[in-house]
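Residues per chain are reported as follows:
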Amino acid sequence: MTAPGQDSPQDLAAAYALGALSADEARRFEAFLAVSPETQREVREYREVAALLALDGPEGAGSLPGGLRDRVLERVAEQKNRALRPMARGQAPRPSSVVWVALAATLLLAVGLGAGLVSVRGRVAALQGELAARNATLDRTAQQLAERDATLNSILEPGVELYQLTSSGDPEPGIQLFWNRQRNQAIVHGFRLKPVPSGKAYQLWFIKDGAPIPSVTFKPEPDGHAEVEHVTVPGAGVLSAAAVTVEPEAGSAQPTSPVVLLGPLKRS
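Residues numbered from 1 in each chain as written. Predicted model: local features only at pLDDT ≥ 70, side-chain atom pairs only at ≥ 80, totals over all residues. Heavy atoms only, no water.

Focus on the overall build of the chain
Each helix and strand counted, the chain has five helices and eight strands in total. Shown N-terminal to C-terminal, the secondary structure of the chain runs as helices and strands in the order α-α-α-α-α-β-β-β-β-β-β-β-β. Sorting the 268 residues of the chain into buried and exposed places 33% on the buried side. Long-range contacts, defined as pairs at least 24 residues apart, comprise 57% of the intrachain contacts of the chain with a sequence gap of at least 6. (Helix = DSSP H or I, 4+ residues; strand = E, 2+ residues; numbered from the N terminus. Buried < 20%, exposed > 50% of the residue type's maximum accessible area, 1.4 Å probe, protein only. Contact = heavy atoms within 4.5 Å.)

Okay, structure coming up:
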């Protein structure tokens, strides 16, 4: 039995696990520990909690195995209250009880602060994610503006000629063909283009020496706009016109549908 005024050996499990017992107290406790499987389990759990808090940092409070944290904190609260009862009755606290109160309070505070820091860190991580998303959006916007500037500069280069491709009897839709004769390249800008069926696309043709020469395929955006840069214009021979038909997405070697847009090209 435990003598009056002394702690039960089992009550010293946390102090032993945290290394707070004197050498003499530790020897007596170890003798009791050898024959008490329940106390051995408690010591293991206290050491696991202490290790997670020490090695994992604040996250340890959030990574304890299921139910372990609650069991340990419940036991801490019960044993802390038991150690404080003599003081509540006006009695002088036992030295080991004072140690136990300090250890229990430290453990409770560490777990509580750890959980709070985990919450704060989670919020910080969320804010960092939002900031990264906004920065990515700004980067995409800046890239789009740079691309627009590059396109505008290409259009305004000396020697660039503008040609219009229109639909017969209908002013809408339309395509602007910016032809840079020096580079033998063109920029296609379509507007108010109608949607194409699934698996289909618009295809540009250059009429050279009276025969259609296949060029790029493209699909309009939902608002009817389309833009294709760095379109190679056939060299040699005589270019008299440019036309657009609806073809399979991969393009065709010869037109397989009626011309939907057509415009003459000025001979050099």
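The discussion continues.
Concerning the nonpolar core
Leu177 and Phe206 are the most contacted members of the largest nonpolar core, which has 22 residues in total. Elements supplying a minimum of two residues to this core: strand E1 (160–167), strand E2 (170–180), strand E3 (185–191), strand E4 (200–208), strand E6 (226–232) and strand E7 (239–248). In terms of nonpolar packing, the next biggest core, distinct from the first, is built from 12 residues, Ala13, Ala14, Ala17 and Tyr46 among them. (Core = buried A, V, L, I, M, F, W, Y, C linked by side-chain atoms within 4.5 Å.)

Overview of the environment of glycine 263
By the secondary structure assignment, glycine 263 is in strand E8 (residues 261–264). Separated by 22 residues in sequence, glycine 263 and alanine 241 place their C-alpha atoms 5.7 Å apart. Not counting the four nearest positions on each side in its chain, glycine 263 is found in contact with Gln164, Leu165, Ala241 and Ala242.

So, the pattern of salt bridges
Counted according to the given criterion, the structure contains four salt bridges. With its nearest N and O atoms 2.1 Å apart, the salt bridge here joins aspartate 24 to arginine 28. Of this pair, aspartate 24 and arginine 28 both sit in helix H2 (residues 23–33), separated by four residues, roughly a single helical turn. Given the relative accessible area of 38%, aspartate 24 is considered partly exposed. On the accessibility criterion, arginine 28 (52% relative accessible area) is exposed. (Salt bridge = Lys/Arg side-chain N within 4 Å of Asp/Glu carboxyl O.)

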